[in-house]
Amino acid sequence: MEIIEVNIGKQIWMDKNLVAKIFQNGDFIKEAKTDEEWVNASEKGEPAWCYYNNDSENFEKYGIIYNGFAVSDPRGLAPKGWHIPEETEWNQLADFLGGEKNAGLKLKSSEGWDEHPIPAARKNGTNESGFTAIPGGYRNSDGEFKGIKQDGSLWSSTDKFGQLCYVSLDYAESSIIKSSLGREYGFYVRCIKD
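What you see is a predicted model; the values in this text were computed from it and never measured. (Residues numbered from 1 in each chain as written. Predicted model: local features only at pLDDT ≥ 70, side-chain atom pairs only at ≥ 80, totals over all residues. Heavy atoms only, no water.)

**A word on the overall build of the protein**
- Within the protein, the secondary structure is distributed over five helices and 13 strands.
- The C-alpha radius of gyration of the protein comes to 16 Å, within 12% of the 16 Å expected for a compact globule of 194 residues.
- Taking contacts inside the protein between residues at least 6 apart in sequence as the whole, the part at least 24 apart equals 60%.
- Accessible area for the protein stands at about 9,300 Å²; split by element, carbon and sulfur atoms hold 46% of it.
- Mean positive and mean negative side-chain charge positions of the protein (22 and 31 charges, respectively) differ by 3 Å. (Helix = DSSP H or I, 4+ residues; strand = E, 2+ residues; numbered from the N terminus. Rg over C-alpha atoms; globule rule 2.2 N^0.38 Å. Contact = heavy atoms within 4.5 Å. Areas by Shrake-Rupley, 256 points an atom, 1.4 Å probe, with all protein chains shown as cover. Lys, Arg positive; Asp, Glu negative; His and termini not counted. Charge placed at Lys NZ, Arg CZ, Asp CG, Glu CD.)

**Points about the packing of aromatic side chains**
- Tallying each qualifying case throughout the model produces 10 aromatic pairs.
- The interplanar angle of 80° and the centroid separation of 6.4 Å between the aromatic rings of Trp 155 and Tyr 166 together place this pair among those described as edge-to-face. Placement of Trp 155 in strand β9 (residues 151-160) and of Tyr 166 in strand β10 (residues 163-170) is noted, with a sequence separation of 11 residues between them.
- An aromatic cluster of at least three residues, connected via ring pairs, comprises Tyr 138, Trp 155, Tyr 166 and Phe 187.
- The residue whose ring lies beneath Lys 21 is Phe 59, and the NZ or CZ to ring-centre distance is 5.1 Å. (Phe/Tyr/Trp six-rings, centres within 6.5 Å; stacked < 30°, edge-to-face > 60°. Lys NZ or Arg CZ within 6 Å of the ring centre and 35° of its normal.)

**Concerning the pairing of strand β8 (residues 145-148)**
- In terms of strand pairing, strand β7 (residues 136-139) meets β8 through three bridges, oriented antiparallel. Within β8, the residue paired with Tyr 138 across the bridge is Lys 146. (Pairing = 2+ DSSP bridges.)

**Description of unusual backbone geometry**
- The backbone of Asn 53 shows a phi angle near 60°, a positive value even though the residue is not glycine.
- Along the chain, Asn 53 falls in the loop between β4 (48-50) and α2 (59-62).
- For Phe 161, which is not glycine, the phi dihedral falls at a positive 55°.
- Secondary-structure assignment places Phe 161 in the loop between β9 and β10.
- Phe 161 gets classed as exposed once you look at its relative accessible area, which sits at 86%. (Buried < 20%, exposed > 50% of the residue type's maximum accessible area, 1.4 Å probe, protein only.)

**Re the pairing of strand β11 (residues 177-181)**
- With five bridges joining them, β10 and β11 adopt antiparallel strand pairing. Looking at the pairing, Ser 168 lines up with Ile 177 of β11.
- Counting the residues that bridge the hairpin from β10 to β11 gives six residues.

**Side note on helix α1 (residues 35-44)**
- Among all positions of α1, only Trp 38, Ala 41 and Ser 42 are buried. Taken around the axis of α1, the buried residues stretch over an arc of 100°, which confines them to a single face. α1 presents Glu 36, Glu 43 and Lys 44 as exposed residues on the side facing more than 90 degrees away from its buried surface.
- In this structure, the buried residues of α1 make contact with β4, β5 (65-67), α3 (68-72), β7 and β12 (186-187).
- Backbone geometry just downstream of α1 places Gly 45 in the positive-phi region, at approximately 70°. (Arc of directions from axis to C-beta.)

Okay, here's the thing in structure tokens:
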């Protein structure tokens, strides 16, 4: 994968979601091709990845969905010289872009987001930052895929009370939504330079 750097304030981000299928040490990460494989990996606390809807056609556009066990694995999911952002780094990014209420609009790509049934609701972003966040959906703990063209959720490496923090960009919002969930969920990863 060719890495293109995007400078936003004092941070350098990747321009696309991560597509690594091996850890830094060369160990392969298991692909979960079925709901059962996704749930089984979580029950065992094992790292796993998948394409949205288990369809490799989604790879080029959206990248790879990872469970939280892959994100937290000490073998290192991010390529050398990069890391999965901590919550404080997401906060710094949002602050630079005018705060959480406005940052989502500036991070979201200018196309590809679903139309919202309420006309006044925001749809596509401005991509003013060059971050090009895309609405690739996510994977629930039971293996169900949801949110394509409506949600762009990205893991953080920050653990809070046994859950991993993440940020979400929504088709109807101009803000960044921050929360945390268990590692059995599946989101994308966008890396930041060391």
